[in-house]
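Read off the chains here:
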Amino acid sequence: MKTIIEPFKIKVVEAIKMTTQEEREKVIKNAGYNLFKIDAENIIIDLLTDSGTAAMSDLQWAGIMHGDESYAGARSFHRFYDKVHEITKFRHIIPTHQGRAAERILFEILVEPGKFVPSNTHFDTTRANIEYNQGEAVDLVIEEGKDPQSLHPFKGNIDVNKLENFIKEKGAKNIPLCMLTITNNSGGGQPVSLENIRATKEICSHYGIPFFLDACRFAENACFIKKREPGYENKSCKEIAQEIFSNADGCTMSAKKDALVNIGGFLAMNDDDLALKARNVLIVTEGFPTYGGLAGRDLEAIAQGLDEILDEDYLHYRIRTVEYMGERLDKMGVPYLKPTGGHAIYLDAKAFAPHIPVDQFPGQAIAVALYIVGGIRSCEIGGIMFGKNDPETGKYIPPSLELVRLAFPRRVYTQSHFDYVLEVIEEVYQNRNNLKGFRFTYQAPLLRHFTAQFEIIE
Ligand SMILES: Cc1ncc(COP(=O)(O)O)c(C=O)c1O
């Protein structure tokens, strides 16, 4: 059949409050033009993030009732441990309340001031946690990964030559770990190939550097490998995922993505000494090692979610949804980051609104317009999130890409919701010459996009 249907039936629904354009204009103005500051009830289609927004299945909700809330050694921890172990084979699996808690613990025990952590592209919380420990987060994605029009099948790959040169230049002793984000969220949800994962592992092993994965979207990455990497077409996504993890020394995981839950995460590794240190930090800040920052029921839901995410029909439908959006945008001539990634469409803001200079944040102009026109909440991933001012000259340094991410919650929206989103994008694109830039009226020193306030540049 040509039509790929959602491979699930809907058992529970949540009403969407419909708003008018006039109402939305007031709401966004009162929020200082920051979409993070709008109440969710004033959003029609919420594509702010795919994190923690999944619809849980009947079996996950049943798992919630089975949760064992014992403080220590709960049955739910063992179910969680066994499932994560089955996929990753890591010896030590430490539950945390979400991904950034795993990052905070890992960097607290490994990163000292002046040390470097290379990656393909660090996600914003990863970067912030490294910088919080006075380390430097270094992005070494391949050149194609920075070109929104390149059709390279694995644009999330790290440039292994750059990585090796970087290690030689800085010295392996100054690099406490190397990471790969799969899929590469900040670079457009683009996958990393197994060939690249293996090559990274080889370099890290050669220089004695631990190699960790930021594994939030490991299943979507595995599905891309199956579809695009020669030699993997007949392997199951689960087998591919197992091979991915077999190359790493550990991982951080936000279970809010590919474990299909609304809260949760973990830190996993093989090194016994490191795990001991991690558990000591965990006990002080998150909780006892068999629950981390979670309830027993959350551990049950994660275990079940990890089973469901590796379902081939689900993954096929998931990746195909994003592809479909890309095909329709192509027909409208709307510029977006190609090829489509795993969890989102990323509009290419520089090409969409070329009349707005990068220091006036074209991505923010588009995101605000999508809200006003159609009540869609998206997320600027460009200068507001990653731009910096040179500490000496004060000159603005923009990131290489200015994107607007429309992230798709898992199992939440149907085909007609997606068609509505396309209609809204088309209207904003047709009127793109009327879009205006923005300037900050408030910004915090770290992760400024969450709380910033703006005004329109008239
Ligand atoms: C690639 C990546 N790493 C880490 C995180 C942080 O996870 P959490 O939001 O659970 O703290 C995210 C969240 O969006 C992410 O996309």
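In case you missed it, the structure is sitting above this.
These lines cover the structure that appears in this document, whether it is placed above or below.

Reading guide: rules and limits
Residues numbered from 1 in each chain as written. Predicted model: local features only at pLDDT ≥ 70, side-chain atom pairs only at ≥ 80, totals over all residues. Heavy atoms only, no water. Axes fitted to C-alpha atoms, helices over the stretch in contact; angles between N-to-C directions. Helix = DSSP H or I, 4+ residues; strand = E, 2+ residues; numbered from the N terminus. Left-handed = near helix turned anticlockwise from the far one by under 90°. Contact = heavy atoms within 4.5 Å. Nonpolar A, V, L, I, M, F, W, Y, C, P; charged D, E, K, R; others polar. Core = buried A, V, L, I, M, F, W, Y, C linked by side-chain atoms within 4.5 Å. Buried < 20%, exposed > 50% of the residue type's maximum accessible area, 1.4 Å probe, protein only. Pairing = 2+ DSSP bridges. Near = heavy atom within 4 Å. Polar contact = N/O pair within 3.5 Å; in protein donor to acceptor, adjacent residues only side chain to side chain. Areas by Shrake-Rupley, 256 points an atom, 1.4 Å probe, with all protein chains shown as cover. Disulfide = S-S within 2.5 Å.

1. Description of the packing of helix α14 (residues 362-374) against helix α16 (residues 415-430)
Packed helices, taken two at a time, are described by their axes: the angle between them and the distance between them. Their axes nearest at 9 Å, the elements α14 and α16 cross at an angle of 115 degrees. Handedness of the crossing formed by α14 with α16: right-handed. In this structure, α14 uses Ala-369, Leu-370, Val-373 and Gly-374 to contact α16, whose residues at the interface are Tyr-420, Val-424, Ile-425, Glu-427 and Val-428. Of the residues belonging to the contact of α14 with α16, the class tally is seven nonpolar, one polar and one charged.

2. A look at the nonpolar core
Formed by 62 residues in total, the largest nonpolar core has its most connected members in Leu-213, Phe-218 and Ile-244. Not counting residues within four places of it along the chain, the set of residues in contact with Phe-218 comprises Ile-87, Ile-182, Ala-241, Ile-244, Phe-245, Met-253, Asp-258, Leu-306, Ile-309 and Leu-310. Residues Ala-31, Tyr-371, Phe-418 and Val-421 belong to the second largest nonpolar core, which totals 49 residues.

3. So, the sheet that holds strand β6 (residues 211-214)
The mixed open sheet is built from five strands, whose spatial order is β2-β8-β7-β6-β5. The open sheet terminates on both sides in strands that have one partner only, identified here as β2 (92-96) and β5 (178-181). Taken over all neighbouring pairs, the strand axes of this sheet differ in orientation by 15 degrees on average, direction set aside. Pairing of strand β7 (residues 250-254) with strand β8 (residues 265-269) involves five bridges; the strand directions are antiparallel. Counted as the bridge partner of Gly-250 is Met-269 from β8. Against the sheet, helix α10 (residues 272-285) touches β2, β6 and β8, its axis set at about 20 degrees to β2.

4. Description of the site of the ligand
Near the ligand, the surroundings consist of 15 residues, among which Arg-100, Asn-185, Asp-214, Ser-254 and Lys-257 are the closest. Contacts to the ligand include Asp-214, whose side-chain N or O atom sits 2.7 Å from a nitrogen atom. Computed on the free molecule, the ligand has an accessible area of 390 Å², of which 97% lies beneath the protein chains in the complex. It is helix α4 (residues 99-110) that contributes the most residues to the shell around the ligand, three residues altogether. Looking at side-chain class alone, the shell around the ligand contains two nonpolar, seven polar and six charged residues.

5. Side note on the environment of Pro-399
Along the chain, Pro-399 turns up in the loop between β13 (396-397) and β14 (403-407). Looking at Pro-399, the relative accessible area reads 16%, which means it is buried. Expressed as a C-alpha distance, the spacing of Pro-399 and Gly-382, which sit 17 residues apart in the sequence, is 6.3 Å. Excluding anything up to four places from it in sequence, Pro-399 contacts Lys-350, Gly-382, Gly-383, Phe-386 and Gly-387.

6. Some remarks on unusual backbone geometry
At the junction of Ile-182 and Thr-183, the peptide bond is cis and its omega measures out at -20 degrees in the coordinates. Within the element layout of this structure, Thr-183 appears in the loop between β5 and α7 (194-207). Positive phi outside glycine occurs at Gln-134, with the angle close to 60 degrees. Relative to the helices and strands, Gln-134 is located in the loop between α5 (124-132) and β4 (136-139). Although it is not a glycine, Phe-361 adopts a positive phi angle of roughly 55 degrees. Mapped onto the secondary structure, Phe-361 falls in the loop between α13 (349-352) and α14.

7. Side note on the state of the cysteines
Applying the stated criterion across every chain yields a total of zero disulfides. No disulfide involves Cys-178; its nearest neighbouring cysteine sulfur is the one of Cys-204, lying 3.9 Å away. A relative accessible area of 1% means that Cys-178 is categorised as buried. Of all cysteine sulfurs, the one in Cys-237 lies closest to Cys-223, which takes part in no disulfide; the gap is 4.5 Å. A relative accessible area of 3% means that Cys-223 is categorised as buried.

8. Some points on the sheet that holds strand β11 (residues 379-381)
Strand order in the open sheet formed by three strands is β9-β14-β11, and the pairing between neighbours is antiparallel. Bordering the open sheet on either side are β9 (344-348) and β11, each of which pairs with just one other strand. Adjacent strand axes in the sheet meet at a mean angle of 30 degrees when their direction is disregarded. Taken together, the five bridges between β9 and β14 define a ladder with antiparallel strand orientation.

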